[in-house]
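Commentary on secondary and tertiary structure
What follows is the residue order along each chain.
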Amino acid sequence: MSGRPAFPRLFGGIGPFRLRIVLLSLALTLATQAVLGYIGFAYLRSLSAQVETKREARVMDTFYRNAMSRLNNAHRLMQVLQTPAFSDYFLDNMNLRQPAVAAEGLAELAARFRTLALADQGVEAVYMIGSDSNQSALALHAGEERPVVLEKLRLDALESSSLSSLYVRSHDRLEWIDAAELTERSRTDGPGRDPVVSRELADMNRTLAGKLIISNGNANGVLIVLVLAERFLDAALPDDYDADYSFALMNDSRKPLWSAGASVSAELVRGMTEAADFDFDGSRYIVRSKPLTPYPETLLFARKRTGSHGADATITLLFALLSATTFVITFVVSVAYSKRIFRPFRKIAAALNKQAGRDETRLETISPHDYVHGVNRFSTRTNLILLFALAVILPAISDGALYNRMLKSSVDRQIAVSNEETGRFLQAAVRTDFDGWRILTNRLAVNEQLQRYLQQRQRDAVMGTAAQPALSAADIAMFPGLNEVAYFVLLDDIGHSVYASIFFNNSDLFSLPRSLLRDQEEAYVIPEFKDVFGKTTFALVKRMYREAEQGEKVNPNYIVIVPKDPAFADLADPETAFRIADPSGKRMYDSNAAAWGDADGRKPAAWSTQVPPLALALDVRFTNAELLRQNNDYYSRFVIMVLTVFLGTLLLATLLTSLIVRPLNELQETMLLAGAGDFGRRSRQRGEPGNEIGQIIHSYNRMAGQLERAVSDNMRMLEEQAANKEREARLVHSKTRAELHMLQAQINPHFLYNTLETINMRSRASGQPEIGVVVTALAELLRYSVNMKGDTVTLEQELHHVRNYVAIQQIRLGHSFRFEVDAPEPLLRRRVLKFILQPIVENSLKYAFAGFDEGGLLRIEARAEADGGAMTIEVRDNGVGMTRQQLANAARSLAEEAEAEADARNGLGLRNVCMRLRLFHEDGAAMTIESKPMAGTTVRLVVPLLPDEPA
């Protein structure tokens with residue numbers, strides 16, 4: 001076997017023509033990858049842009065809707081607080097009433113406030129301040145049972161503190177109270193200021209500082225100030241929202257009022273209010289705005305521009321690594337394949353060149369074996385076409401599939417993010433709507449007209465008088481928020497209708513079974529509710545207590561609100577469907593039942609959650625039909641691209657092979673003429689002599705010229721050669737016989753064995769037993785060495801050979817070491833490769849015991865592996881050992897694949913033992929070395945178990 005490494009042999013000798021073939025293959029691979037990459041990234045950018053656009057539209061529209069609902073609720077709350085149910089307490093001059101009357105009025109007002117559930121509406125506090133000293137002033141903080149009476153805080157105190165204009169400015173609009181401005185305007189402890197007024201005013205300022213407020217501007221003689229929670233609009237966002245978008249709210253003076261979202265800071269919000277697009281923190285932000293008509297505020301949305309639309313650094317790196325890997329594979333395949341194609345040409349050229357260098361007419365034949373198997377079964381034209389097609393198909397199939405997988409994975413991740421965010425915003429929208437309906441039921445529960453109607457019905461029932469006419473539609477039609485429901489019904493404690501906002505002359509249509517009326521304070525949902533129009537929807541129910549008179553016993557009433565149909569029409573999306581169910585699983589709403597089936601064979605993406613506080617189940621499905629259509633378009637473009645490039649490659653390969661085959665055809669015609677005896681024809685040389693085709697033509701022309709000159713000379717020599725032929729044959733035959741006999745005499749061992757046996761007998765007779773031991777061991781060593789019957793022996797025979805060698809060395813080295821063997825009886829009959837232990841023992845004795853006069857130990861152990869398929873043999877010594885560098889060099893020498901030349905001085909050596917084991921067992925054997933300085937060396941062989949020696 002040649003000692004030349006395999007890798008250089010593969011790439012060595014690339015001629016100019018072959019190099020062009022390899023470069024063309026690589027160019028086709030790169031072109032295919034470029035087309036694939038372009039289509040892939042274009043697909044990724046297109047789908048990513050579409051995903052981002054839809055995501056942005058869904059987020060903005062849903063958040064705008066939710067924010068508008070929150071603002072509507074706040075303004076409706078202001079309208080409710082201005083109704084007689086709340087404002088009459090102040091307009092009735094309670095400070096002039098009897099304390100008992102004032103206390104009763106305050107208790108009724110506190111009960112109404114509790115029913116409103118201010119905290120659920122994002123209200124932190126409510127201030128109601130009268131105009132003069134005869135009117136009360138109250139402050140109610142969310143979560144507290146009773147309002148706090150402000151003894152002396154009136155509008156005149158606000159005016160003297162320069163604060164009244166601030167509240168008038170916030171009339172029916174949001175206003176953010178800047179703490180610095182509030183401090184500058186407020187004078188709570190000026191000269192002559194009543195300390196009670198100063199304290200109450202300071203407490204109010206602390207509550208309002210840094211908060212959003214809405215006031216009625218003292219429209220009805222009572223100043224009402226709603227202090228909104230610090231994160232009032234956060235309820236319009238999903239819980240713990242911190243995604244890619246930033247949100248802000250500004251007034252008509254472009255002053256920021258609120259902000260939330262990802263990476264929100266004062267600088268970012270300022271940039272959002274000042275420009276449509278701006279740079280911040282090294283990134284470009286795109287800003288969209290949408291007025292909250294009819295309110296003077298504007299919502300702002302900011303998104304960080306990524307620029308790559310999903311083609312981030314990770315995808316780009318994966319593309320680069322995959323392209324580089326494919327490029328390397330194509331290079332190796334094209335080099336190896338082209339070498340196989342042009343190998344016959346190189347051999348023919350070498351043979352022709354060798355023949356041309358001889359001055360004789362005798363031609364050597366070229367065996368066809370190398371040219372009719374493997375790739376050379378096909379024509380050169382076919383091989384080149386296959387090579388170029390492979391250079392295209394390899395990246396087109398492998399890279400195309402992997403590109404598509406990576407791109408699809410990237411887009412799927414973006415779609416999943418978009419779907420989850422859309423689902424979370426849907427959750428916030430559904431929660432906002434249900435909060436609005438719950439808030440509406442709470443407000444209706446404190447509606448003064450309904451309370452008076454219930455009281456009148458109770459009096460009529462007690463006194464036995466005729467029932468008063470029911471409330472007309474006009475009596476309550478203007479109640480804030482009723483435009484968002486189809487109708488509402490007032491029921492008594494057994495489910496009979498006592499009032500309906502529609503069809504009030506036929507109230508029996510609205511009665512409910514008593515089983516649907518729960519004894520609980522909080523509003524609850526009735527799923528699968530059949531409304532008065534015969535449609536299945538849902539309804540919200542809340543228990544309410546009407547105000548009692550003179551200690552009478554009061555039974556509860558129930559308010560039933562039925563939303564408009566469809567309830568969530570503005571959340572509808574052709575590619576998004578959602579269902580809402582109550583905690584028991586009963587369906588309450590289904591936006592698009594058809595969207596729950598498969599889309600183009602793919603199931604819609606699913607996302608589910610719960611909607612607090614009613615624990616409703618929200619199940620969302622995303623069909624992404626447009627994205628699937630674009631994905632199918634990508635596959636179509638990919639197939640068309642592969643077919644186009646493949647056909648182009650076949651055309652190019654055909655043209656190229658035609659150029660190659662043309663000089664070969666001409667050379668073939670010339671050689672046919674030479675075969676007929678015409679050596680005068682020459683083939684026109686094409687290309688450089690260094691390439692494969694040029695070498696053949698050049699060598700053939702040279703050979704043909706020399707043959708033509710030599711033919712005449714050789715003809716004259718034929719008779720002389722014929723005369724000398726017989727004599728030379730006889731001489732050669734005689735010489736060969738003599739050499740054969742000499743060789744047999746040299747290699748016949750019997751004479752040597754007899755001589756050694758004579759020395760053994762004489763030494764023992766003369767009293768020299770050690771000489772006899774050495775001679776006997778040497779004779780057996782020689783007999784073992786010249787016995788060439790087979791490559792394997794039993795382990796017992798191999799160990800006996802080692803013992804003979806060790807016996808000689810012990811005498812030679814003065815018995816400075818001991819020799820031990822530990823091998824189980826069953827293993828001794830197992831066959832092993834011949835001459836695998838003596839070189840290792842020789843190496844140990846040569847190096848391990850240098851400087852030892854005594855105390856050396858050389859031990860051979862053999863054992864079967866646990867799985868029964870291999871045997872381990874260890875040759876261990878307690879000699880000087882090896883340094884780390886020496887051990888590394890030895891291990892590296894064993895790991896080299898090339899076969900080592902046998903060293904005349906050192907025999908086969910460890911490396912040859914390792915190589916023989918690998919060749920014989922086909923890499924099923926292993927050889928390792930373990931050693932430490934002054935701690936000895938262990939050489940371990942692991943070989944497969946061969947059959948036993950027959951008994």
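From a predicted model like this one, the values you see are computed outputs, not experimental measurements.

Moving on, we come to a nonpolar patch on the surface. Taken together, the side chains of Leu317, Leu318 and Leu321 define a hydrophobic patch exposed on the protein surface, amounting to about 280 Å² of accessible area. Counting through the fold element by element, Leu318 comes out in helix α10 (residues 313–356).

Let us now look at the sheet that holds strand β17 (residues 576–581). Taken in spatial order, the four strands line up as β18-β17-β20-β19 in an open sheet, and their pairing is antiparallel. Looking at strand neighbours, the two that pair on one side only are β18 (587–590) and β19 (605–611), the edges of this open sheet. Averaged over all adjacent pairs, the angle separating strand axes in this sheet is 15°, with direction ignored. Note that β17 and strand β20 (residues 616–622) share six bridges and pair antiparallel. From the neighbouring strand, Ile580 faces β20, where its bridge partner is Leu618.

Another aspect to go through is the side chain of Asp435. Within the secondary structure, Asp435 is located in helix α11 (residues 380–445). You can call Asp435 buried: its relative accessible area is 12%. Looking at Asp435, its side chain comes within polar contact range of the side chain of Arg438, at 2.9 Å.

The next subject is the pairing of strand β7 (residues 245–250). For β7, a buried count of six out of six residues is recorded, marking the element as mostly surrounded by other parts of the structure. Alternating positions in β7 separate into two faces, Tyr245, Phe247 and Leu249 on one and Ser246, Ala248 and Met250 on the other, with burial throughout. Where β7 meets strand β11 (residues 298–304), six bridges bridge the pair, whose relative direction is antiparallel. Paired with Ser246 across the two strands is Ala302, which belongs to β11. Where β7 lies against strand β8 (residues 256–261), five bridges are found, and the strand directions are antiparallel. Note on β8: the bridge partner recorded for Met250 is Pro256. The loop that links β7 with its antiparallel partner β8 comprises five residues; one of these, Arg254, has a positive phi angle of about 60°.

Once that is clear, we can look at the environment of Leu226. On the secondary structure map, Leu226 appears in strand β6 (residues 222–228). Along the sequence, Leu226 and Gly122 sit 104 residues apart, while their C-alpha atoms lie 9.9 Å from each other. If sequence neighbours within four positions are ignored, Leu226 has contacts with Ala74, Leu77, Met78, Leu81, Val123, Ala125, Val126, Leu212, Ile213 and Ile214.

Thresholds, definitions, all that
Residues numbered from 1 in each chain as written. Predicted model: local features only at pLDDT ≥ 70, side-chain atom pairs only at ≥ 80, totals over all residues. Heavy atoms only, no water. Patch = residues over 30% accessible without salt bridge, like charges linked within 9 Å, V, L, I, M, F, W, Y side chains within 5 Å. Areas by Shrake-Rupley, 256 points an atom, 1.4 Å probe, with all protein chains shown as cover. Salt bridge = Lys/Arg side-chain N within 4 Å of Asp/Glu carboxyl O. Helix = DSSP H or I, 4+ residues; strand = E, 2+ residues; numbered from the N terminus. Pairing = 2+ DSSP bridges. Axes fitted to C-alpha atoms, helices over the stretch in contact; angles between N-to-C directions. Buried < 20%, exposed > 50% of the residue type's maximum accessible area, 1.4 Å probe, protein only. Polar contact = N/O pair within 3.5 Å; in protein donor to acceptor, adjacent residues only side chain to side chain. Contact = heavy atoms within 4.5 Å.

Coordinates in, geometry out; function isn't part of it.
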